[in-house]
Amino acid sequence: MDDFIAARSQMALSLGFHIIFSCIGMVMPFFMAVSHYKWLKTNDEVYKNLTKAWSKGVAIFFATGAVSGTMLSFELGLLWPKFMDHAGPIFGMPFSLEGTAFFIEAIALGFFLYGWNKLNKWFHWFTGMVVGVSGLASGILVVAANAWMNSPAGFDFVNGKYLNIDPIQAMFNKAWFSQALHMCLAAFTATGFAVAGVHALMILRNRNAVFHLKAFKIAAVFACIAALLQPLSGDISAKDVAKRQPAKLAAMEALYKTEKPAPLLIGGIVNEKDKTVKGAIKIPGALSFLAHGDFKAEVKGLDQIPENEHPPVAITHYAFQIMVGIGTLLLLVSLTYFFILFKKKALTEKRWLLKLFVFAIPLGYIALEAGWVVTEVGRQPWIIYGIMRTKDAVTPMPGIAYSFYIFSAIYVSLSVIVTFLLYRQIKMVPILYNKTEQNDN
Amino acid sequence: MKEVVITFLCMAILLYFLLGGADFGAGIIELFTSTKNRSKTRKTMYQAIGPVWEANHMWLIIAIVILFVGFPFIYTTMSVYLHIPLAIMLIGIIARGTAFVFRHYDAVKDDMQWLYNRIFRYSSFVTALFLGIIAGSLISGHIDPQATDFYTAYISGWLNWFSVAVGFFTVALCGFLAAIYLIGETKEAHDKRRFIKKAEFMNIAAVVFGAMVFIAAQRDKIPLIDWVFKSTVGLSAIVLASLSLVLLWYLLIKGKTKVLRILAGFQVTMILLAISYAHFPNFIRLKSGDAISLLETVGPEKTIYSLGLALLLGSVLILPFLGYLFYKFQKKEE
Ligand code: HDD
Ligand code: HEM
Ligand code: HEM
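Residues numbered from 1 in each chain as written. Chains lettered and ligands numbered in written order. Predicted model: local features only at pLDDT ≥ 70, side-chain atom pairs only at ≥ 80, totals over all residues. Heavy atoms only, no water.

Visitor: Summarise the site of ligand 2; cite the residues concerned and give the values.
Guide: Not every one of the 27 residues close to ligand 2 is listed here, only the nearest: A:His18, A:Ser22, A:Gly25, A:Phe62 and A:Phe102. At 3.0 Å from a nitrogen atom of ligand 2 is found a side-chain nitrogen or oxygen belonging to A:His18. Elements with a contribution of two residues or more to the shell around ligand 2: α1 (3–42), α2 (45–79), α3 (81–114) and α4 (121–150) of chain A together with α3 (53–70) of chain B. By residue number, the principal contributor to the shell around ligand 2 is α2(A), which donates nine residues. Residues of the shell around ligand 2, tallied by class, amount to 16 nonpolar, nine polar and two charged. (Near = heavy atom within 4 Å. Polar contact = N/O pair within 3.5 Å; in protein donor to acceptor, adjacent residues only side chain to side chain. Helix = DSSP H or I, 4+ residues; strand = E, 2+ residues; numbered from the N terminus. Nonpolar A, V, L, I, M, F, W, Y, C, P; charged D, E, K, R; others polar.)

Visitor: Can you explain the packing of aromatic side chains? Please cite residues and give values.
Guide: Counting across every chain of the model gives 37 aromatic pairs over all chains. Seen from their ring centres, A:Phe111 and A:Phe123 are 5.8 Å apart, and the 85 degrees between their planes marks the pair as edge-to-face. Residue A:Phe111 is found in helix α3, and its partner A:Phe123 is found in helix α4; the two are separated by 12 residues along the sequence. For A:Phe123, a relative accessible area of 25% gives the class partly exposed. Taking the ring centre of A:Trp382 as reference, the NZ or CZ of A:Arg389 above it sits at 4.7 Å. Geometry around B:Phe195 places B:Arg194 over its ring, the cationic atom sitting 5.3 Å from the centre. (Phe/Tyr/Trp six-rings, centres within 6.5 Å; stacked < 30°, edge-to-face > 60°. Buried < 20%, exposed > 50% of the residue type's maximum accessible area, 1.4 Å probe, protein only. Lys NZ or Arg CZ within 6 Å of the ring centre and 35° of its normal.)

Visitor: Provide a residue-level description of the interface of chain B and chain A, including the pertinent values.
Guide: The partner chain A presents 63 residues to the 60 residues of chain B that form the contact. Taken together, the connections running from chain B to chain A amount to six residue pairs in polar contact (both at pLDDT 80 or more). Secondary-structure elements contributing two or more residues to the side of chain B that touches chain A are α3, α4 (72–81), α5 (83–105), α6 (112–140), α7 (150–155) and α13 (301–331) of chain B. Its residues assigned to classes, the side of chain B that touches chain A shows 44 nonpolar, 10 polar and six charged. (Contact = heavy atoms within 4.5 Å.)

Visitor: So, the pattern of salt bridges: which residues are in play, and what are the values?
Guide: All names here are of chain A. What the rule picks out here adds up to five salt bridges over all chains. A salt bridge links Asp 44 to Lys 214, with the shortest nitrogen-to-oxygen separation between them at 3.6 Å. Of this pair, Asp 44 sits in the loop between α1 and α2 while Lys 214 sits in helix α7 (residues 209–244), and the two are 170 residues apart along the sequence. With a closest N to O distance of 3.0 Å, Asp 235 and Lys 239 form a salt bridge. Pair noted here: Asp 235 and Lys 239 are both in helix α7, with a separation of four residues, about one helical turn. Using a relative accessible area of 27% as the deciding quantity, one classes Asp 235 as partly exposed. Overall, Lys 239 belongs to the partly exposed group, its relative accessible area being 23%. (Salt bridge = Lys/Arg side-chain N within 4 Å of Asp/Glu carboxyl O.)

Okay, structure coming up:
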């Protein structure tokens, strides 16, 4: 394997791995806080057990998220030293603030996990909220750093030198808001559907239905609200991309020729050699509308962009299709769920709805990974859009392929173990939480 | 602001050595504990470091973020020429961090525990060893950016007598810190005696490896003796460290466990100070005889200003919270 490809693959793998755990770390504390709040208000033991059961899951995920994040902060240098040499001082601001947010999160988590029966109960609840809020804040900050790579700001690039560096301006670059908003919603959608789905499965199997129904409801409401907002925020993102990264937009839609008005392609097989797309459904004018809010507007195609600045079209296009397809599907699931809630139908009787949620367990995460592929692969060949090419940033050290193999093996084994642990955690629910009290922590 | 940022960097590195080090040490101690006492050691350890272990590791991240934001050249030089030891240390961090949590949170306690324990112990050892190797390499003067062959560029920078000796020295120090820390965490006289034994053992190991470090320095032509004995600060630090060792053993016999911890921390701090003071603010010594200095590679002014501000603001938010965490979970012991 070529070292450059190995470095890219290792980066993608590490990020793709970390993002799953960080999303759980960002979102689960809010689910727990709701359940915890209900316990404090109603004194219903089930909510207390639910909070504890979730918090054990979260502890497993948090540790995995933290070590994979530590890994990433080294990897930026291990794999992309020339990028970090210039970018560090410019886009580092969010990372240093993020340090603070992480720290607070870690401390608050210490309080929360070990604070049962030791702290004032509302202070204890509050520490749980702090975990969630600081997790969300760190998510937003890191995404702002990534947004800077898509939309560089806060410096002047003169003759290959980076002058007049202003880290604050770099942080509030043009892309940060749309990306951060979309990312936060994605975290809620993905984690919400995954959690709701797992509990739906337990209800279907008739295991501790009271416990799992309460869990299901909390997660499903968060998930469905987020899924309703997701396409709206995605539309903001798309308009944003059209403005700042026309090459990415063209790749997302496999638009080889500039068109006015431009049709939206759904599906289709991309042939990168002949620059054609076969078998796609065309919706006339829809892309013009998506990108510019006007059915007749012109959309820049790849023909207006130098060949050596084209991103990989097929991957970007397929990934975008997957994300939007799943987004639409989850939107429909959410609408159905709210309709049933509105009609006040008993959920346990709607087994098909629960089955739908079980089906949706992995979908949110698939969309999330696909979305990142759109953003990151669609930025290629640039690491800093329009400023530095990815291949110029890679480490001079040979043999990165081995590093890639080793880390892949580690990530695969970690995923297997975490899944296994979670499976056990869920399987043990009847034993651990059916009794009135159980051992602490 | 430069000074603020550098102070925070040194603080973060020091705290990582002390707190993270004690954390690695706990695994190292477990490695050197006889099978029949292991489960007890494990329990004491979990109670001791469970609530704070996550926070301990933040110091590493703070240090790394300060480096890549404020001193990118140092960060990238390390990343390129110490790629291999850094990657190994990272694998260690991943393995021990996850194993530690998995073994506690696994809902079923069965044979998997055996696996988690193994991983935790060995990776604690490896992580501490490579942390030391990296620290040693930074000052060993073997890093060579002009190198043209793979071995000189990516291997001999860290695989040399001095760096490896510092690695083992670090392992012993970590074990020592952890043993001292654990003495105060257990109530049973029998266990106390066990941890005191461990502290003795690690202390002797530290002295032996400390001597090795000097021998290796001599062999690799590193002026370690000059740094330590020819500068007033270096010398006083070593004298204080030795004096506190005497005091430490006296207190150990008296059973004053809380002061012990402070003293052990103080001792390690003095050792680090003695080694690093003479060439501060140089951060990396190169084979060519040049050095990369913190002051000369500091990032652009606005960046440093915002970074410093973020750090100050962060500590105002964090320190009271962190202090309360330690306080709250210390108090339960009494
Ligand atoms: C649950 C996950 C999820 C779902 C259902 C969607 N997205 Fe998404 N999308 C993401 C998760 C995501 C993401 C992983 O979070 C990305 C990657 C970078 C980012 O900011 O968000 C993303 C990026 C992203 C981008 C690129 C932004 C950029 O590069 O700056 C666009 C244009 C869209 N999305 C558009 C949409 C549309 C029109 C959707 C319609 C339903 C949609 N997304 C659903
Ligand atoms: C969009 C991408 C990212 C998001 C949303 C995100 C979010 C998070 C969150 C919420 C956590 C808390 C851990 C948890 O709760 O499990 C975390 C941990 C961490 N992340 Fe990320 N992260 C992202 C990418 C990155 C990148 C690129 C880096 C490094 C440069 C990084 C560095 C870290 C570090 C060092 C930690 C550990 C902090 C700790 O110990 O608590 N993250 N991340
Ligand atoms: C966590 C969510 C993220 C995912 C899933 C993700 C995914 C990816 C993927 C798939 C690539 C490889 C692209 C290619 O080479 O074709 C990549 C590259 C990269 N990403 Fe991200 N990314 C995420 C967030 C971030 C963030 C927050 C940062 C930095 C602040 C970042 C920095 C980088 C860098 C430096 C590269 C390598 C250079 C490049 O290929 O352009 N990523 N990422």
